[in-house]
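Overview (structure and organization)
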Amino acid sequence: MSKGERANFGSKLGVILASAGSAVGLGNIWRFPYETGNHGGAAFILIYLLCVLILGMPIMISEFIIGRHSRANTARAYEVLAPKTQWKWVGFMGVLAGFLILSYYSVVAGWTLEYVIEAGADGFAKKGPEDFINAFQSFSQDPFRPVLWLVLFLLMTHFIIVKGVKNGIEKSSKIMMPLLLVIIFVLVGCSLSLPGAEKGLEFLLKPDFSKVDSNVFLGALGQAFFSLSLGMGCLCTYASYFSKETNLGKTALSVGVLDTVIAILAGLIIFPAAFSVGIKPDAGPSLIFITLPNVFQQAFSGAPVLAYIFSLMFYILLAVAALTSTISMHEVVTAYLHEEFKISRNKAAGLVTGGCIFLGIFASLSLGIAKDYTAFSLGIFDLLDFVTAKIMLPLGGLLIAIFTGWYLDKKVVWEEISNGGKLKVRYFKLFIFILKYIAPVAISLIFVNELGLI
Ligand code: TRP
């Protein structure tokens, strides 16, 4: 496609919702709580918030600038803005990261479908905490069922991707995001009303700094990037479909606030419930799948109909939130293959879907029958998560900050951020300062610290 023919998002709200749809997903509701649980609670959240505010926001704006100015897929974007330099590798790494994340993310997204069906068949009724733990374990280790759901989920993503940007991505986000927010609020109320919920609140709100080590910093940084969809050119690709009128700073702020609020609310649902039924907060990736069904059963023990309706709605919305995120990752890789290798969009999408199904199957099996195949003592699923969230995304973010802060012509940066001088941007100097100095130093320190060099 030539420059002029590139698709656009239809409206301002559509832009925000599509970007927020990318950001809000399993990262908020599944990954944030278990990372918080693994890293000791409130202190992790504080560091996470700092990462979002100081590093996430400026880097998100940078991705917007790079994407909208180049109007190209993320690999080509660097070719356009920095021809004949090595910067193109940042784009390639992003495309690769997108592919890898999509592969294991779809495994968990597939689980949500199993839970939709289970909720729909009223399978949670009259079960206790132990039952949910056992049920999840036998399901996630099963060699067939999770794989089936994974394939189905990727096919759904594929279908929306081939329908194109405006009809597929934008429309689905517009309806589902507000609905998700409403039901999350209801669930917070339910969870807080459970007996013994205070202990969970304390875990979330009272920082214990004795638990803070280098791991916590890298964990928080990785989670911030993962949750905001940063560091791999995802929002950069979306920004290439933004119009000239989109206010980049405001859009970043809206997306950042919405994403963070939903993550914190997810914590407010999970931890009071987990403490209430005696599930340890460091249960890992299974955390939401064993605590949540409990919340519904216990909070509505007097009204099974409500338990039924809310659990069914919740899992449907969770699946949809995951879908708007898988779409955004798929789009990065599809746009790249389609535009760079001159193959049709459908064919490009087919290759991505096929590749992710292939890798996803191994990721899924690595939680069950193939769990003894490990590298660095991690199975494929955990390895994919570690390599992407804790290495590729922070590294991508670091390079994006350096690119915008040091390499890119300040005139271009100013033109994009102020929409050609139309907007007042009081934070411009601060923005550049963060990109030039704070972000590179902070991210490098966190890396070096993790490697144990200081
Ligand atoms: N942010 C999404 C979530 O929280 C996942 C996601 C979508 C993502 N696109 C991404 C993560 C790009 C990293 C990079 O579920």
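Coordinates for the structure precede this section.
What you see is a predicted model, and the numbers here were worked out from it, not measured in a lab.

Reading guide: rules and limits
Residues numbered from 1 in each chain as written. Predicted model: local features only at pLDDT ≥ 70, side-chain atom pairs only at ≥ 80, totals over all residues. Heavy atoms only, no water. Near = heavy atom within 4 Å. Polar contact = N/O pair within 3.5 Å; in protein donor to acceptor, adjacent residues only side chain to side chain. Helix = DSSP H or I, 4+ residues; strand = E, 2+ residues; numbered from the N terminus. Core = buried A, V, L, I, M, F, W, Y, C linked by side-chain atoms within 4.5 Å. Buried < 20%, exposed > 50% of the residue type's maximum accessible area, 1.4 Å probe, protein only. Contact = heavy atoms within 4.5 Å. Disulfide = S-S within 2.5 Å. Salt bridge = Lys/Arg side-chain N within 4 Å of Asp/Glu carboxyl O. Phe/Tyr/Trp six-rings, centres within 6.5 Å; stacked < 30°, edge-to-face > 60°. Lys NZ or Arg CZ within 6 Å of the ring centre and 35° of its normal.

Description of the site of the ligand
For the ligand, the set of nearby residues contains 17 residues, the closest of which are A23, G27, Y105, F226 and S229. Here an oxygen atom of the ligand and a side-chain polar atom of Y105 are 2.5 Å apart. A distance of 2.8 Å is found between a nitrogen atom of the ligand and a backbone nitrogen or oxygen belonging to F226. For the shell around the ligand, the secondary structure elements donating two or more residues are α1 (12-23), α2 (26-38), α5 (88-120), α10 (214-227) and α14 (304-340).

Here's the deal with the nonpolar core
One recurring pattern in soluble globular proteins: nonpolar side chains tend to sit buried together. Grouped together as the largest cluster of nonpolar side chains are 156 residues, with contacts concentrated most on W30, M60, L292, F314, Y315 and F431. Apart from the residues within four sequence positions on either side, Y315 is in contact with T112, Y115, V116, A119, F124, I288, L292, P293 and F296.

What to know about the side chain of N419
Looking at the element boundaries, N419 is found in the loop between α17 (410-417) and α18 (428-450). Overall, the relative accessible area of 9% leaves N419 in the buried class. Those residues within four positions of N419 in sequence are excluded, and the remaining contacts are R68, K244, E245, T246, N247 and W414.

With respect to the state of the cysteines
Each disulfide consists of one covalent bond between the sulfur atoms belonging to two cysteines. Applying the stated criterion across every chain, the model contains 0 disulfides. Counting only cysteine sulfurs, C236 is the nearest neighbor of C234, a cysteine outside any disulfide, at a range of 9.5 Å. On the accessibility criterion, C236 (1% relative accessible area) is buried.

Some thoughts on the pattern of salt bridges
For the coordinates displayed, the defined rule picks out 9 salt bridges. Notably, a salt bridge pairs E114 with R145, separated by 2.5 Å at the nearest N-O pair. A residue pair is termed long-range when its members are at least 10 positions apart, and E114 in helix α5 and R145 in helix α7 (residues 145-163) qualify at 31 residues. The shortest N-O distance in the salt bridge between E118 and K127 comes to 3.6 Å. For E118, a relative accessible area of 27% translates into the label partly exposed. For K127, a relative accessible area of 29% gives the class partly exposed.

Details of the packing of aromatic side chains
Under the definition given, this model contains 30 aromatic pairs. Here the aromatic rings of F203 and F271 are separated by 5.1 Å at their centres, their planes lie at 50 degrees, and the arrangement is tilted. Here F203 is found in helix α9 (residues 197-205), whereas its partner F271 is found in helix α12 (residues 248-277), with 68 residues between them in sequence. Side by side, F203 and F271 carry an identical accessibility label, which is buried. The interplanar angle of 70 degrees and the centroid separation of 5.3 Å between the aromatic rings of F358 and F362 together place this pair among those described as edge-to-face. One end of the pair is F358 and the other is F362, both in helix α15 (residues 345-365) and 4 residues apart, which spans about a single turn. Joined through ring pairs, the aromatic side chains of W30, Y34, Y104, W111, Y115, F124, F132, F136, F289, F314, Y315 and F381 make up one cluster. Taking the ring centre of F226 as reference, the NZ or CZ of R31 above it sits at 4.9 Å.

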